[in-house]
Amino acid sequence: MRGYRRVRSERNGWLAIMGMVAPLFAGACTGGIASQRDDDVADEEPTDDGPGDGDDVSVGDDGPSNPPPGPRAPLPSQPDRCRDPAGKTWRRTAARLRRFNRKELQNTLESLTGGPWSGPEIPADLDPQGIRKDTELTPVRGDFMAAYWPVTEAAAARITGDAKLGPSCGATDTACVRTFATRFAEKAWRREPTSGELDDLMSSYAKGREIDAPTGSQFLIQRVLLSPAFLYLAEEGAFASDVGEAGVFRLSPRHVAEQLSYLLWSAPPDDTLTAAARDGALATAAGVRAQAERLLADPRARAAVDDFFQAWFGLGHVRTSVKNDKVFPEFTDAIRIDMAEDSRRTLAALFFDEAATPGALASHRTAHPTPRLAKLLGQQLNGAEDKPVATTMAARKGLLTHPSFLTFHAKEEQNSTVLRGKAAVELLLCAHVPDPPAGIDLAAADPGFMPGLTLRERMERHNSDPACASCHGVFEPIGYALEGFDAIGRPRTMDAGKPVNDTVTLNDFHGISGTFDGIDQLAEEIAKRPELEG
């Protein structure tokens with residue numbers, strides 16, 4: 001759940017962009033900024049300040065370097081609410097201070113270096129298991145800096161070597177260099193540098209100039225790129241005095257432009273958006289909506305949508321899923337890729353081509369399988385076996401029935417009502433499922449436990465213990481409703497020689513009550529939940 005906060009708040013922006021986000025940004029307010037980071041992260045996470053006073057980046061004989069991280073003051077705690085001009089209130093889940101992800105960092109570097117990045121590889125956002133890390137809760141540590149350092153060296157050399165990008169100053173013309181430092185830092189940090197920060201940049205230049213002027217320029221540029229002010233995107237604005245409610249924080253027009261651009265393009269604002277912020281066009285809901293629609297019409301938005309859905313649902317993780325090849329010999333590398341691509345194309349089509357409502361995430365029947373994947377799932381499609389085909393599938397009923405979701409949230413040899421139910425309520429219903437207590441007996445999940453019983457029968461016996469039922473009851477019913485699919489997402493009707501039972505009866509289960517014959521019926525109710533509307 002540590003990585004859930006940022007994805008949820010970004011998810012709300014996507015689902016509401018054509019409705020709620022315009023008045024939200026136009027109201028120029030956010031929830032109060034409150035630090036909700038885990039202690040082990042907060043103690044090491046850089047602040048949003050630039051390298052003033054040498055606290056964040058120090059300079060030695062070999063150029064800029066970062067000292068060991070020290071304790072940081074927590075962000076100011078304020079009421080967690082946001083109000084638009086009409087008086088509607090939204091609640092925020094966490095402070096918006098986060099490090100750029102890999103794509104955002106690459107796009108931002110490209111905007112500074114004048115073209116596609118061709119230098120050292122930019123640090124990835126994946127852990128050793130291939131799972132995306134949450135950059136809001138991931139500080140800059142040694143492994144990141146070891147990979148990022150050569151990136152800054154290459155970027156600095158590229159800028160310095162380009163007469164249109166680098167400083168064109170005489171070796172002793174420090175006034176010219178300071179002007180360049182001001183302009184470059186403002187573009188890279190997305191705010192004006194302070195006088196003290198400029199002094200620090202000039203100190204880096206002077207140190208490098210002891211070698212020669214180009215080295216001085218490279219030291220200066222590298223220091224800008226090593227600053228937390230470059231690597232982190234932080235909210236900018238001021239507390240409003242004209243709203244009639246304490247603790248309301250109004251975003252600056254420049255930061256509204258940043259939020260729109262990094263949300264919809266994973267890149268810095270272009271000249272048009274920057275001009276809209278400067279000219280006051282982002283002060284109204286109509287102005288924000290107009291810019292959002294312009295950005296969404298650009299091909300860059302599709303790439304950002306893909307990245308967003310991957311961050312939210314992690315459907316690409318099916319590429320690294322492991323199954324017992326004796327139980328599921330059909331689960332090949334090609335099928336893994338087909339599953340991931342089916343989800344990617346389907347979600348993009350919902351967003352861009354079908355103008356779907358947020359509820360469609362839980363209830364759509366559209367799919368983009370290859371004929372090879374469709375055959376595995378029991379449906380015949382014409383065409384080359386490895387070419388995705390837009391179609392509908394009788395067994396498809398929303399995101400929870402995507403083979404990528406069902407496969408990733410299952411075990412190597414069998415389903416997991418626990419993994420599927422937990423993921424469903426956390427991803428779609430905004431619920432938090434705590435970790436199981438230490439020492440819990442997990443024998444019921446073992447297929448060798450009580451042979452002849454279905455998985456659901458085994459888990460229901462496990463949950464007959466009130467201590468277990470109190471927790472499992474808040475998520476596992478959705479797992480039961482998904483028992484009509486096996487561990488690689490194929491529809492099934494039998495388990496342990498018995499008919500599958502995927503009927504669930506719910507009583508105020510996250511606001512849902514009634515009896516539902518499998519996910520096909522339950523998904524219709526999930527689609528109506530306000531949590532999906534943001």
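Attention here is on the structure that accompanies the text. Being a predicted model, the structure only gives us computed values, none of them experimental. (Residues numbered from 1 in each chain as written. Predicted model: local features only at pLDDT ≥ 70, side-chain atom pairs only at ≥ 80, totals over all residues. Heavy atoms only, no water.)

The subject of this paragraph is the side chain of R223. Within the secondary structure, R223 is located in helix 8 (residues 213–226). Of the buried charged residues, R223 lacks a salt bridge, with D200 as the closest side chain of opposite charge at 4.1 Å. Polar side-chain contacts of R223 include one of 3.0 Å to the side chain of S204. (Helix = DSSP H or I, 4+ residues; strand = E, 2+ residues; numbered from the N terminus. Buried < 20%, exposed > 50% of the residue type's maximum accessible area, 1.4 Å probe, protein only. Lys, Arg positive; Asp, Glu negative; His and termini not counted. Salt bridge = Lys/Arg side-chain N within 4 Å of Asp/Glu carboxyl O. Polar contact = N/O pair within 3.5 Å; in protein donor to acceptor, adjacent residues only side chain to side chain.)

All chains considered together, the criterion is met by one disulfide. C169 shares a disulfide with C176; S-S distance 2.0 Å. The sign of the -70° torsion about the S-S bond sets the C169-C176 disulfide as left-handed. Of the residues examined, C176 reaches a relative accessible area of 24% and is grouped as partly exposed. Unpaired in terms of disulfides, C471 finds its nearest cysteine sulfur in C468, a separation of 8.8 Å. For C471, a relative accessible area of 24% puts it in the partly exposed group. (Disulfide = S-S within 2.5 Å.)

What follows concerns the pattern of salt bridges. Under the definition given, this model contains 28 salt bridges. Here R396 ties to D342 by a salt bridge, and the two come within 2.7 Å at their closest N and O atoms. You can see R396 sitting in the loop between strand 10 (391–392) and helix 17 (403–408) and its partner D342 sitting in helix 14 (residues 333–352), a full 54 residues away along the chain. For R396, a relative accessible area of 2% puts it in the buried group.

Before going further, it helps to examine the pairing of strand 13 (residues 503–509). Summarising the sheet, strand 13 and strand 14 (residues 512–517) pair through five bridges and their orientation is antiparallel. Each bridged residue has a counterpart across the sheet, and for V504 the counterpart in strand 14 is F516. Where strand 13 hands over to strand 14, the hairpin turn is made up of two residues, of which H510 adopts a positive phi near 50°. (Pairing = 2+ DSSP bridges.)

Let's shift gears to the nonpolar core. Core analysis: the biggest nonpolar cluster contains 42 residues, and F313, L400, L428, I478, L522 and I526 have the highest contact counts within it. What I526 contacts, discounting residues up to four positions off in sequence, is A362, L400, L428, L429, I478, I512 and L532. Judged by nonpolar contacts, the second largest core, of 39 residues, contains W117, V140, V177 and F230. (Core = buried A, V, L, I, M, F, W, Y, C linked by side-chain atoms within 4.5 Å. Contact = heavy atoms within 4.5 Å.)

A few words on unusual backbone geometry. Within the chain, S266 stands out as a residue other than glycine whose phi angle is a positive 55°. As for its placement among the helices and strands, S266 is situated in the loop between helix 10 (253–264) and helix 11 (271–278). According to the relative accessible area criterion, S266 is buried, its value standing at 4%. Look at A496: it is not a glycine, yet its phi comes out positive at around 55°. Tracing the backbone shows A496 in the loop between strand 11 (494–495) and strand 12 (498–499).

Moving on, we come to the packing of aromatic side chains. Scanning the model with the defined rule gives ten aromatic pairs in all. Judged by centre distance (5.7 Å) and plane angle (15°), the rings of F180 and F184 are stacked. Here F180 and its partner F184 are both found in helix 6 (residues 174–189), four residues apart, which amounts to about one turn of the helix. Across the pair, exposure class does not vary: F180 and F184 are buried alike. Ring geometry for F351 versus F352: centroids 5.0 Å apart, planes at 70°, classification edge-to-face. Given the relative accessible area of 22%, F352 is considered partly exposed. Within the aromatic cluster, the residues linked to one another by ring pairs are F308, F309, W312 and F313. For the cation-ring pair, R99 lies above F144, with the distance from its terminal atom to the ring centre recorded as 4.4 Å. Over the aromatic face of W265 sits the side chain of R300, whose NZ or CZ is 3.6 Å from the ring centroid. (Phe/Tyr/Trp six-rings, centres within 6.5 Å; stacked < 30°, edge-to-face > 60°. Lys NZ or Arg CZ within 6 Å of the ring centre and 35° of its normal.)

The subject of this paragraph is helix 6. An ideal rise of 1.5 Å per residue puts 22 Å on 16 residues; helix 6 measures up with 21 Å between its terminal C-alpha atoms. What helix 6 keeps buried is the set V177, F180, A181, F184, A185, A188 and W189. The arc enclosing the buried residues of helix 6, seen along the axis, measures out at 135°, which places them on a common side. Those residues of helix 6 that are exposed and aimed more than 90 degrees away from the buried face are A175, T179 and K187. Where helix 6 is buried, its residues touch helix 4 (102–113), helix 5 (142–160), helix 7 (195–209), helix 8 and helix 9 (228–231). (Expected span 1.5 Å × (residues − 1). Arc of directions from axis to C-beta.)

On to the side chain of E197, then. Looking at the secondary structure, you find E197 in helix 7. One polar contact links E197 to R191, side chain to side chain, over a distance of 3.0 Å.

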